[in-house]
Amino acid sequence: MLIDTQAASTFAGASFGPGVESTTSGGGRICTYGSETTNVFLVEVAQAPDVATAQAAKADFLATLEASAQQLASGGLNVTQLPNFADGATLGI
């Protein structure tokens, strides 16, 4: 699992059973908690083949996120940067 059930429950403020792991066609990993319930929590991790590719993908992702920030917030999604988690992460709750 990418994170354990207790951590997912704490982050989301809901109780979850075991997560379900899956892999994207590009090799990314997803762990879904609470599938088919009111509270769904996803953890997604992608691994790039090299640092330059990862940095470019991160820059694109953050630009898209910033452009959508107002719409996401109005839908109740709060986005937080976690610069000290690994080499950077983004948390959306």
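Here the structure is shown first, and the text comes after it.
Remember, predicted model here, so these are calculated numbers, not experimental data.

Draft legend 1. Looking closely at the overall build of the chain. A count of helical and extended segments in the chain gives two helices and five strands. When the elements of the chain are put in sequence order from the N terminus, they spell out α-β-β-β-α-β-β. Taken over 93 residues, the chain has a buried fraction of 18%. Across the chain, contacts joining residues at least 24 apart in sequence account for 26% of those joining residues at least 6 apart. Accessible surface, the chain as shown: approximately 6800 Å² in total, 54% of it carbon and sulfur.

Draft legend 2. Quick peek at the environment of Gln47. Checked against the element boundaries, Gln47 lands in the loop between strand E3 (41-45) and helix H2 (51-74). By relative accessible area, Gln47 is classed as exposed at 76%. Through-space distance from the C-alpha of Gln47 to that of Arg29 is 8.8 Å; in sequence the pair is 18 residues apart.

Draft legend 3. Seen up close, the pairing of strand E5 (residues 89-92). Of the two faces of E5, only one is covered, namely that formed by Ala89 and Leu91; the face formed by Thr90 and Gly92 stays uncovered. One ladder, built from four bridges, connects strand E4 (residues 79-82) with E5; its direction is antiparallel. Bridged to Leu82 within E5 is Ala89. Once E4 ends, the chain turns through six residues before running back antiparallel as E5, passing Ala86 with a positive phi of about 50°.

Draft legend 4. Fine view of the packing of aromatic side chains. The tally for this structure, following the rule as stated, stands at four aromatic pairs. Measuring from centroid to centroid gives 6.0 Å for Phe16 and Tyr33, while their planes differ by 50°, and the two rings are tilted. Of the two residues, Phe16 is situated in the loop between helix H1 (5-12) and strand E1 (20-23) and Tyr33 in strand E2 (residues 29-33); the sequence distance between them amounts to 17 residues. Judged by relative accessible area, Phe16 falls into the buried class, the value being 11%.

Draft legend 5. How the structure looks around the sheet that holds E3. Here we have three strands laid out as an open sheet, ordered E1-E2-E3, and antiparallel in their pairing. Each of the sheet's edge strands pairs with one partner strand only, and the pair in question is E1 and E3. This sheet shows a mean twist of 20° between the axes of neighbouring strands, independent of strand direction. Bridge analysis of E2 against E3 gives five bridges, and the strand direction is antiparallel. Paired with Tyr33 across the two strands is Phe41, which belongs to E3.

Draft legend 6. Inspection of H1 at higher detail. Its side-chain oxygen at 3.3 Å from the backbone nitrogen of Gln6, Asp4 defines the N-terminal cap of H1. With its phi angle positive at about 70°, Gly13 sits one or two positions after the end of H1.

Here is what the cut-offs are and how they apply
- Residues numbered from 1 in each chain as written.
- Predicted model: local features only at pLDDT ≥ 70, side-chain atom pairs only at ≥ 80, totals over all residues.
- Heavy atoms only, no water.
- Helix = DSSP H or I, 4+ residues; strand = E, 2+ residues; numbered from the N terminus.
- Buried < 20%, exposed > 50% of the residue type's maximum accessible area, 1.4 Å probe, protein only.
- Contact = heavy atoms within 4.5 Å.
- Areas by Shrake-Rupley, 256 points an atom, 1.4 Å probe, with all protein chains shown as cover.
- Pairing = 2+ DSSP bridges.
- Phe/Tyr/Trp six-rings, centres within 6.5 Å; stacked < 30°, edge-to-face > 60°.
- Axes fitted to C-alpha atoms, helices over the stretch in contact; angles between N-to-C directions.
- Polar contact = N/O pair within 3.5 Å; in protein donor to acceptor, adjacent residues only side chain to side chain.

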